[in-house]
Amino acid sequence: MKELSLKIKRCIDVAVSFILLMMLSPLLVATAMLIVVTMPGPVFFMQDRIGYKGKPYSIFKFRSMKVDKDAETNFAFDKDAERLTLFGRLIRRLKIDELPQLLNVLKGDMSLVGPRPTIEQQVREYDDHQRRRLDMKPGMTGLAQVNGNASLSWDERIEYDIRYISRFSLFLDMWILMKTFLIVLLGEERFKKT
């Protein structure tokens, strides 16, 4: 039964990502143009992430921060706040910066729903329990993202991801996608864990 559900999940991923890329193409082009005008440097932020069964791939995002090769190479997350631009803040709030990941979904590196992809440095520190996060394709959204996201500790996010994998169903995916839509519409702060 799970095998069939995973095949249906992949069909949904391909169909939905293709349709969304076509429908949202004017927004994607406009965003790319505004990034060129407001932030010198590349339009896309690309970074190696670890996917299904530990396979590395390059993730696509619209760039929302000023270029800082040193901070990006060394994963200096403490510099993110000062690097984030005004337009970058807007596209992050509306999750527009994540839309290029629809290409990752179409390619098969990612799914619409799953554990959020992580960097190799973090994966190297996983214990056996945490490595279960790699038992499904990473997702554009996931259980942790609709249950607090940034307000959660890293360990809490991992536990949500493992819970998602152990309870996976197409119904759960639909629920996560609907809640993600509400978060984009109403703002993440309304859904933060307190």
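Residues numbered from 1 in each chain as written. Predicted model: local features only at pLDDT ≥ 70, side-chain atom pairs only at ≥ 80, totals over all residues. Heavy atoms only, no water.

As annotated in an unreviewed UniProt entry, the protein chain is Lipopolysaccharide/colanic/teichoic acid biosynthesis glycosyltransferase from Salinicoccus halitifaciens. Turning to the protein chain, the UniProt record has this under Sequence similarities (unreviewed entry): "Belongs to the bacterial sugar transferase family." (UniProt positions renumbered as here; feature names shortened; annotations may be inferred.)

Asker: Help me understand the overall build of the protein chain, please; the structure alone is not making it clear to me.
Answerer: Across its full length, the protein chain carries 9 helices and 4 strands. Put simply, the protein chain runs from its N terminus to its C terminus through helices and strands in the order α-α-β-β-α-α-α-α-β-α-β-α-α. For the protein chain, the C-alpha radius of gyration of 16 Å lies close to 16 Å, the compact-globule estimate for 194 residues. Principal axes of the C-alpha set define a box for the protein chain whose edges measure 50 × 40 × 35 Å. A separation threshold of at least 6 residues defines the contact pool for the protein chain, and within that pool the share at least 24 residues apart is 69%. Computed over 31 positive and 24 negative side-chain charges, the inter-centroid distance for the protein chain is 5 Å. (Helix = DSSP H or I, 4+ residues; strand = E, 2+ residues; numbered from the N terminus. Rg over C-alpha atoms; globule rule 2.2 N^0.38 Å. Contact = heavy atoms within 4.5 Å. Lys, Arg positive; Asp, Glu negative; His and termini not counted. Charge placed at Lys NZ, Arg CZ, Asp CG, Glu CD.)

Asker: For this particular structure, what's the right way to read the UniProt feature "transmembrane region" (unreviewed entry) in the protein chain?
Answerer: Cross-referencing UniProt, the feature "transmembrane region" (unreviewed entry) maps to residues 12-37 and 164-186 in the present numbering. As annotated, residues 12-37 comprises 96% helix and 0% strand, and the C-alpha atoms at either end are separated by 35 Å. Between the end C-alpha atoms of residues 164-186 the distance is 24 Å, and the span holds 87% helix and 0% strand.

Asker: Help me understand the pattern of salt bridges, please; the structure alone is not making it clear to me.
Answerer: When charged atoms on two side chains of opposite charge get close, those side chains can pair. Counted under the stated rule, the structure contains 8 salt bridges. Among the ionic pairs, Arg-116 bridges to Glu-98, the shortest N-O distance being 3.1 Å. Here Arg-116 is found in the loop between β3 (111-113) and α7 (120-123), whereas its partner Glu-98 is found in the loop between α5 (86-93) and α6 (101-107), with 18 residues between them in sequence. Across this residue pair, the class does not change: Arg-116 and Glu-98 are buried. (Salt bridge = Lys/Arg side-chain N within 4 Å of Asp/Glu carboxyl O. Buried < 20%, exposed > 50% of the residue type's maximum accessible area, 1.4 Å probe, protein only.)

Asker: Which parts of the structure should I look at to understand the pairing of strand β2 (residues 56-62)?
Answerer: Here is the key point about a regular strand: its side chains alternate between the two faces of the sheet. The element β2 is largely enclosed, with a buried count of 5 among its 7 residues. In this sheet, β2 lies alongside strand β1 (residues 44-50) in antiparallel orientation, the contact comprising 7 bridges. Residue Arg-49 lies in a different strand from β2, and its bridge partner there is Tyr-57. Remark: 5 residues form the turn of the hairpin made by β1 and β2, two consecutive strands paired antiparallel; Lys-53 in that turn has positive phi of roughly 60°. (Pairing = 2+ DSSP bridges.)

Asker: Would you take a moment to explain the packing of helix α1 (residues 2-23) against helix α9 (residues 170-186) for this structure?
Answerer: The geometry of a pair of packed helices is captured by two quantities: the angle between their axes and the separation between those axes. Between α1 and α9, whose axes approach to 10 Å, the crossing angle comes to 35°. Residue-level inspection shows Ser-5, Ile-8, Lys-9 and Ile-12 of α1 in contact with α9, the latter providing Leu-170, Asp-173 and Met-174. (Axes fitted to C-alpha atoms, helices over the stretch in contact; angles between N-to-C directions.)

Asker: Explain the nonpolar core here, please?
Answerer: Generally speaking, nonpolar side chains in soluble globular proteins are found buried as a group. In this structure, Ile-35, Phe-62, Leu-143, Tyr-164 and Ile-176 are the most contacted members of the largest nonpolar core, which totals 31 residues. Mapped by element, the contributors of at least two residues to this core are α2 (25-38), β2, α5, α6, β3, α8 (154-166) and α9. When sequence neighbours within four positions are dropped, the list of residues in contact with Tyr-164 reads Lys-9, Val-113, Gly-114, Pro-115, Met-136, Leu-143, Leu-172, Asp-173 and Ile-176. (Core = buried A, V, L, I, M, F, W, Y, C linked by side-chain atoms within 4.5 Å.)

Asker: Teacher, can you tell me more about a negative patch on the surface here?
Answerer: Among the surface-exposed residues, Asp-127, Asp-128, Asp-155 and Glu-159 lie close enough to one another that they form a single negatively charged patch. When you line up the elements, Asp-155 lands in helix α8. (Patch = residues over 30% accessible without salt bridge, like charges linked within 9 Å, V, L, I, M, F, W, Y side chains within 5 Å. Areas by Shrake-Rupley, 256 points an atom, 1.4 Å probe, with all protein chains shown as cover.)

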